[in-house]
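Fold and geometry: a report
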Amino acid sequence: MGESAAYEVWHGDFLVGELWDLSVDQPWFLCRFVPGVGWSELSPLFAAQEEARRQHFPEQLIGAIAAVRDLDVELRPGAGGEPIRPWMIYLAEGRASFRY
């Protein structure tokens, strides 16, 4: 039987990428992120969000957090089942974390 990603990350009809090697550090789920065809369009938003986090969420960068939250991405389980909508998600090439 072939191995599949833990989740596929979707934004509307676009596959943003896949999440592999899922582990948990409560309350966060930690993964390896492999970009998909929809990543290039969204990567600047996630980069701005990561910069806000790196700077400990200064007021002038809070809009970056909201911009990602407003994307309303969906995580579809690779093994089947109901999709989930994360409350917070961070994506960067090679790594990801999310909460729901």
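Here's a quick rundown of the structure. Fair warning: this is a prediction, and the values are worked out from it, not measured in the lab.

Before going further, it helps to spend a moment on the packing of helix 1 (residues 39-54) against helix 2 (residues 62-69). Contact geometry for helix 1 and helix 2: axes closest at 8 Å, N-to-C directions at 135°. The angle between the axes of helix 1 and helix 2 places the two elements in the oblique class. By crossing handedness, the relation of helix 1 to helix 2 is classed as left-handed. Together, L45, F46, A48, Q49 and A52 of helix 1 and A64, I65, A67 and V68 of helix 2 make up the contact between the two elements.

On to the side chain of S97. With respect to the element layout, S97 can be found in strand 6 (residues 95-99). Dropping the residues within four chain positions of it, S97 is found in contact with W28, F29, L30, R53, M88, I89 and Y90.

Reading guide: rules and limits
Residues numbered from 1 in each chain as written. Predicted model: local features only at pLDDT ≥ 70, side-chain atom pairs only at ≥ 80, totals over all residues. Heavy atoms only, no water. Axes fitted to C-alpha atoms, helices over the stretch in contact; angles between N-to-C directions. Helix = DSSP H or I, 4+ residues; strand = E, 2+ residues; numbered from the N terminus. Parallel < 35°, antiparallel > 145°, perpendicular 65-115°, else oblique. Left-handed = near helix turned anticlockwise from the far one by under 90°. Contact = heavy atoms within 4.5 Å.

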